[in-house]
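Spelled out from the first residue to the last, the chains are:
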Amino acid sequence: MYCKTPMKNFALVLLSIALAFVSCEDTPNIGNLDLELDAKDITLPETIAEKPYELTFNSPVAWKITIDEVTRATPSWLKISPMSGEAGEATIRIEAAEENKGYTSRSAEVSVKAGIASAGFIVTQQPVPFFVVKTKAIEAPADGGTFQVEIDSNVEYVIETDSAAKAWITTGTRAALDEEGDGAPGVVEDSPEGVPNVIEKIIISKNTDTKERTAKVVFRYAGLSYEVAITQAAAKQGGEEEE
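The written sequence of each chain sets the order in which its residues are numbered from 1. The predicted nature of this model means local features are confined to residues of pLDDT at least 70 and side-chain atom pairs, given and counted, to a pLDDT of 80 or more, with totals for whole chains, interfaces and linings taken over all residues. Side-chain measures here rest on the full set of heavy atoms in the structure, leaving out hydrogens and waters.

Observations concerning the overall build of the protein
Going by this rule: A run of H or I in DSSP counts as a helix once it spans at least four residues, and a run of E counts as a strand once it spans at least two, with each numbered from the N terminus. Only heavy atoms enter the contact rule, under which two residues are in contact if any of them lie within 4.5 Å. Each accessible area value is a Shrake-Rupley result obtained with a 1.4 Å probe; residue values ignore everything except the protein chains displayed when judging cover.
Along the backbone of the protein there are one helix and 18 strands. Taking as baseline every contact in the protein between residues at least 6 positions apart, the subset at least 24 positions apart corresponds to 67%. Looking at the protein as shown, the accessible area adds up to about 15000 Å², and 51% of this sits on carbon and sulfur atoms.

A few points about the packing of aromatic side chains
Aromatic ring pairs are reported here in terms of the distance separating the ring centres and the angle at which the planes meet. Counted only if it meets this: Geometry of aromatic contacts follows a simple scheme: Phe, Tyr and Trp rings, the Trp one being its six-membered ring, pair when their centres are within 6.5 Å, and the pair is stacked under 30 degrees between planes, edge-to-face over 60, tilted otherwise. Burial classification: accessible surface area is computed with a 1.4 Å probe over protein chains only, and a residue below 20% of its type maximum counts as buried, one above 50% as exposed, and the rest as partly exposed.
Scanning the model with the defined rule gives six aromatic pairs in all. A ring pair is formed by Phe-131 and Tyr-221, whose centres lie 6.2 Å apart and whose planes are at 65 degrees; its orientation type is edge-to-face. Here Phe-131, found in strand β10 (residues 131-133), pairs with Tyr-221, found in strand β17 (residues 213-221); they are 90 residues apart in sequence, far enough to count as distant. For Tyr-221, a relative accessible area of 24% translates into the label partly exposed. The rings of Phe-131, Tyr-157, Phe-219, Tyr-221 and Tyr-226 are connected pair by pair, giving a single aromatic cluster.

Observations regarding the environment of Phe-147
On the secondary structure map, Phe-147 appears in strand β12 (residues 145-153). Separated by 57 residues in sequence, Phe-147 and Ile-204 place their C-alpha atoms 7.8 Å apart.

A look at the side chain of Arg-213
Rules: Only four residue types enter the charge count, namely Lys and Arg as positive and Asp and Glu as negative; His and the chain termini do not. Every case where a carboxyl oxygen of Asp or Glu lies within 4 Å of a side-chain nitrogen of Lys or Arg is listed as a salt bridge. Under this definition, polar contacts are N or O atom pairs within 3.5 Å; protein pairs additionally need one hydrogen-donor-capable and one acceptor-capable atom, and for neighbouring residues in sequence, both atoms have to be side-chain atoms.
Within the secondary structure, Arg-213 is located in strand β17. Here Arg-213 is buried and forms no salt bridge, its nearest opposite-charge partner Asp-209 lying at an N-O distance of 7.0 Å. There is a polar contact of 3.2 Å between the side chain of Arg-213 and the backbone oxygen of Ser-205. Filtering out sequence-adjacent residues up to four positions away, Arg-213 remains in contact with Trp-168, Ser-205, Lys-206, Asn-207, Ile-230, Thr-231 and Gln-232.

A look at the pairing of strand β7 (residues 88-96)
This is how it is decided: Pairs of strands are assigned from DSSP output, requiring at least two bridges between the strands.
Bridging between strand β3 (residues 53-59) and β7 involves seven bridges; their strand directions are antiparallel. The residue bridging Thr-56 from the neighbouring strand is Thr-91, located in β7. Alignment of strand β5 (residues 78-81) against β7, held across four bridges, turns out to be antiparallel. Counterpart to Ile-80 in the pairing with β7 is Ile-94.

Here we look at the pairing of strand β8 (residues 106-114)
Pairing of strand β4 (residues 63-67) with β8, which is carried by four bridges, proceeds in the antiparallel orientation. Each bridged residue has a counterpart across the sheet, and for Lys-64 the counterpart in β8 is Lys-113. When β8 meets strand β9 (residues 117-125), the two strands line up antiparallel, connected through nine bridges. Bridged to Ser-107 within β9 is Thr-124. The antiparallel hairpin formed by β8 and β9 contains two residues in its connecting segment, where Gly-115 sits at a positive phi of about 65 degrees.

Just geometry here; none of it tells us what the structure is for.
What follows is the structure, given as structure tokens:
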């Protein structure tokens, strides 16, 4: 009996090692999930869409979704279904459960976990669009200068300048709110809560002509457009500015 006990224990150790080896081989090394995403982040409209966003991925093991690791709870505005599934190809539907009635966007971090692997993305719901250009006109001296246009906006807009005026008007540079410049002040007190105040810089070159010149700069978003009229004084012959 004395000599058989060590052999028995040794056999058990070998069996344990073999089982552990088989167990490791049976556990798939899946790395990151094969998420079929065009982009890592998903943006939802501020309204409830007619069709949800669909995300398809493959997982060799059972998977589950977690949202916002801190709260471990689904935000009331976000709906994802299903929240878990078995191995194989899966499609989840992502949609807004309620409208975003605020002027700021809201986001949630979503993780799809399968075994030791995980893949994450951010879901953002857009805010209610707000776009107002407060500056109506700019009067520049013949020497030109840098001027500011006040804008309250939480959307991306475009700036258009008269073709003939592009030689003496430069746009598309945003100024810091406390940066000095002619025209509009850098801080707007009555901006709606949550709407960023934007200051666009307009640089006007020196007018060496003896005639006054005018142009317009248009700010556009969707169906909204605002015109800023620009008038620059003429220069007298000899370099003096026309009064």
